[in-house]
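# Structural characterization, general
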Amino acid sequence: MMLEKIKEIQEEVEKFSVDTKEQLENFRLSFLSRNGKVSALFDDFKQVAGDQKRAVGQELNKLKKLAEERFSTWQSSLENTTQDQKSRLDLSLPVVPFTLGSRHPITLVRERIIQIFERMGFSVSEGPEIEDDWHNFSALNFPPDHPAREMQDTFFIEKNPDITLRTHTSSVQVRVMETTKPPIRTLSPGRVFRNEAISARAHCVFHQVEGMYIDKNVSFADLKNTLYHFVKEMFGKDTKIRFRPSFFPFTEPSAEIDISCIICKGKGCRICKQSGWVEIGGAGMMHPNVLENSKIDSSVYSGFAFGMGLERMSMLKYQINDLRLFTENDVRFLRQFTAAE
Ligand code: PHE
């Protein structure tokens, strides 16, 4: 009687087919769970007479083993199929399109400038954007009452001792001189900050590149010739350069650097305000006080320094007429730039 029942259920197990997870669960519920058919047989087994227990027990265990084996075979094959389906690649599907980025015009101009000066032996150095008074002003020979220190020009983070957002990259000159012995030839590109209202021609955050050359017998002729070579490489061989006398506390003599307007070729246009010339930066011979402040003997060494605006050069190079375009992140603007040359 009991043996027949076992056989019947064994046939049921053998006939059962499983293709989905749901069917597998049905199988488990019908046969293997606590209320399933196999468990029920084990309950009945308690009533089996002592002399038959051995034979019936063997069959019952065989059935249980069979059901469990089938269950685990189906289970692992179902898991494998879902894995396979996931990793199967359909190469006939169209690709997901993605757009390649392009470099920002400020980056392109900065890289081009570095490239030109690297060929003249200049290294690249960097300094912090948050500066102390010493590196941004005092070591550069700014007197304590210089107007650039006033609130309307400089973003002060702390007063006494003064901590500011650097107003120019000249602070890096000081940092390099503190840690390097001459001869020094270095270029320091970076972000600078001034408290100015944002317009087409001004921004409170902009970029400069500082240059500094210190050695024995460096003269104003070296400064002129270096910048002369630079503007021809950067803006084309017909570009003219001129120096206008100027003043900076950290250079003596000092000059503004102008180049002939590359838009109208010096004839006069809106960009150069009909003058034929546009300013790209300031320069001069390093003031002896600045060298001495960084423990460089000014009776042995001399040097020149210059600082140029990256936005200004980029605007000239690419004929961009509004400074705000650089920070608006409009891809229709940014996509247009591929290389500086
Ligand atoms: N730091 C000056 C400025 O921001 C530019 C400059 C640099 C001038 C080096 C002379 C020498 O206007």
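Refer to the structure above for everything that follows.
This section reports on the structure supplied with the text. This is a predicted model, so every value here is computed, not measured.

Looking now at the sheet that holds strand 6 (residues 205-215). If you walk across this open sheet you meet the 7 strands as 1-5-6-10-9-8-7, and the pairing is mixed. With one partner strand each, in any of the chains shown, strand 1 (123-124) and strand 7 (241-248) form the two edges of the open sheet. Both strand 9 (residues 277-286) and strand 10 (residues 302-309) contribute to a ladder of 5 bridges, which runs antiparallel. Bridging across to strand 10, G284 finds its partner in A305.

A contiguous patch of positive charge on the surface is contributed by R201, R270, K273 and R312. Locating R201 in the fold gives a position in the loop between strand 5 (184-193) and strand 6. Among the residues examined, R201 registers a relative accessible area of 61% and is labelled exposed.

In the region of the ligand, 14 residues are neighbours, and H168, S170, R194, Q208 and E210 sit closest. In the model, an oxygen atom of the ligand is placed 3.0 Å from a nitrogen or oxygen of the R194 side chain. Contact distances for the ligand include 3.0 Å between an oxygen atom and a side-chain N or O atom of Q208. A total of 320 Å² of accessible area belongs to the ligand in isolation, and the protein chains cover 90% of it. Put simply, the parts of the chain that give the shell around the ligand at least two residues each are helix 7 (170-179), strand 6, strand 9 and strand 10. Looking at the shell around the ligand, the element that brings in the most residues is strand 10, giving 3 residues. Its residues assigned to classes, the shell around the ligand comprises 5 nonpolar, 7 polar and 2 charged.

Cut-offs used in this document
Residues numbered from 1 in each chain as written. Predicted model: local features only at pLDDT ≥ 70, side-chain atom pairs only at ≥ 80, totals over all residues. Heavy atoms only, no water. Pairing = 2+ DSSP bridges. Helix = DSSP H or I, 4+ residues; strand = E, 2+ residues; numbered from the N terminus. Patch = residues over 30% accessible without salt bridge, like charges linked within 9 Å, V, L, I, M, F, W, Y side chains within 5 Å. Areas by Shrake-Rupley, 256 points an atom, 1.4 Å probe, with all protein chains shown as cover. Salt bridge = Lys/Arg side-chain N within 4 Å of Asp/Glu carboxyl O. Lys, Arg positive; Asp, Glu negative; His and termini not counted. Charge placed at Lys NZ, Arg CZ, Asp CG, Glu CD. Buried < 20%, exposed > 50% of the residue type's maximum accessible area, 1.4 Å probe, protein only. Near = heavy atom within 4 Å. Polar contact = N/O pair within 3.5 Å; in protein donor to acceptor, adjacent residues only side chain to side chain. Nonpolar A, V, L, I, M, F, W, Y, C, P; charged D, E, K, R; others polar.

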